[in-house]
Amino acid sequence: MHFLLRQIMTARRTICITVFVIFQANLYVAQPTWVEIPQDVQTEKGRDIVLPCKLENLSPSIVPFWNWQPRDGGAEVRLSDGTQSDEDWIEIVTVTGSYQLKIKAIDYDKEGSYSCNVLNADPQSESALVGVWTPVTMVTLDGGSDQTVEVPWPGQSVSVTRTCVVSKVKPAVDITWVYHITSDAGTNIVGELPYDFESGSLPDDNIPVGVDNDIEVKRTVTDNGDGTSNVESKLTVMYTSADNTTGKAEANLKIDVACKAKQDGYVEKNKQMESDPVTTHVKALDPPVVGSIVILDWSKHLVTLECNETTNSTHITYLWQSYGDEVTQRGNTRIWQVEDTDKDRKVNVSCTASSAIGSDTLQVELSPSSSSTGSSGCDTGCIIGVSVAAGIIAIVVIALLVWVFFIR
């Protein structure tokens, strides 16, 4: 009897061990292993993308499925039951244990988290973020042209405006400005404005004494109606030159600026693109110099003159005088007309060119035969006189020849 009981107990232990081993073996076989998992991706609108999902040791009775959690916080969407989907913008591509999700011609509203899921005794899931954008491809700064402006005089200001444009992007970019300011006075200012800068002065200790600046940045975003936008940033620099007696403290002042666009996508962050720099040359005002008074025209009793001021400044005023009678033409003009009332056909004129830091005067006496001070060649009246004289001489010569050969 005892022997029989021992046999029964032994058989029971053997059966339990066998069942446990079989159960563990089945459990081991049923555990899938990830071979390929979906990866985060930032892509451009309209492109096709494929998210991988591949497992090994996957039971034939278990088929992975895809879910999508929209970025805007909407409810999670079941995209597929196995290899089938009711969504026309996706496709499940199956190749030997691979269950790829193909998103066709992706649009902005398809951003979010996509997950490949396996339901078994131990549910598993792998997900990836998908971002959609129209990235910045070009940053335009004033057409890339340099310019020259003039400081009126020491202690006065000049305003420089630059405009940076980034077109057809989503999401909208942030624009900042990079600058480098130099001059003969030792100015050497290098830096970058913060992206949220609106107005103020450059935070730099290298600005010379007597120099001041005020900066303003205005940003505009325009919706294009297709999901993209245009972004414009306008930089205005009001720069005040150093105040001294010569006006040379800020000679050869150069303001180099470039604009930088930064774009943050759902997945890819801090995409940057910078424009080519452009230079604004700020010319210091030189004292005026009158180099010559030139005859432009001498017709009958009206003389047209030009005061040739050699610095070519845009901040010069002119004062003309004839025979001591003051006649004034002010503004950015050098041309003046005076009547020729002298019986000897002469005019005595002077031109004074003035600016805030000095003046220069040239007085001359002119006639139709004058070459004009500082000029060469013959003026209009001179040409007419020479032509008439040449005609008279020709007539006299012909008359003498006729008298010599025929009459005498």
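Look up: the structure comes first, before these words.
On a predicted model such as this, the values are computed, not experimentally measured, just so you know.

K.L.:
Hey, could you run me through the overall build of the chain in this one?
P.N.:
The number of helices and strands found in the chain is two helices and 28 strands. Looking at the chain as a whole, 37% of its 408 residues qualify as buried. Counting contacts in the chain only where the partners sit at least 6 residues apart, residues at least 24 apart contribute 59% of the total.

K.L.:
Quick question: what am I supposed to make of the pairing of strand 19 (residues 253-263) here?
P.N.:
On a regular strand, each side chain points to the face opposite its neighbour's, so the side chains alternate between the two faces of the sheet. Buried residues dominate strand 19, accounting for ten of its eleven residues. In this sheet, strand 19 lies alongside strand 14 (residues 174-182) in antiparallel orientation, the contact comprising nine bridges. Bridging from a neighbouring strand, His180 pairs with Asp256 of strand 19. One ladder, built from five bridges, connects strand 19 with strand 21 (residues 278-284); its direction is antiparallel. The residue bridging Asp256 from the neighbouring strand is Thr279, located in strand 21.

K.L.:
Teacher, can you tell me more about the sheet that holds strand 10 (residues 124-133) here?
P.N.:
Strand pairs in the sheet, formed through backbone hydrogen bonds, run parallel or antiparallel to each other. Here five strands make up an open sheet; going across it, the order is 2-10-9-5-6 and the pairing mixed. Pairing within the sheet leaves two strands with one partner each, and these edge strands are strand 2 (41-44) and strand 6 (77-78). Bridge count between strand 5 (residues 65-70) and strand 9 (residues 112-118): six bridges; the pairing is antiparallel. The partner of Phe65 across the bridge, within strand 9, is Asn117.

K.L.:
Explain the sheet that holds strand 16 (residues 199-200) here, please?
P.N.:
On the basis of which strands lie adjacent, the open sheet formed by five strands has the order 11-13-18-17-16 and antiparallel pairing. Two strands bound the open sheet, and with one partner strand each, they are strand 11 (140-141) and strand 16. Taken together, the two bridges between strand 16 and strand 17 (residues 212-223) define a ladder with antiparallel strand orientation. Across the sheet, Ser199 pairs through a bridge with Glu216, a residue of strand 17.

The rules behind each value
- Residues numbered from 1 in each chain as written.
- Predicted model: local features only at pLDDT ≥ 70, side-chain atom pairs only at ≥ 80, totals over all residues.
- Heavy atoms only, no water.
- Helix = DSSP H or I, 4+ residues; strand = E, 2+ residues; numbered from the N terminus.
- Buried < 20%, exposed > 50% of the residue type's maximum accessible area, 1.4 Å probe, protein only.
- Contact = heavy atoms within 4.5 Å.
- Pairing = 2+ DSSP bridges.

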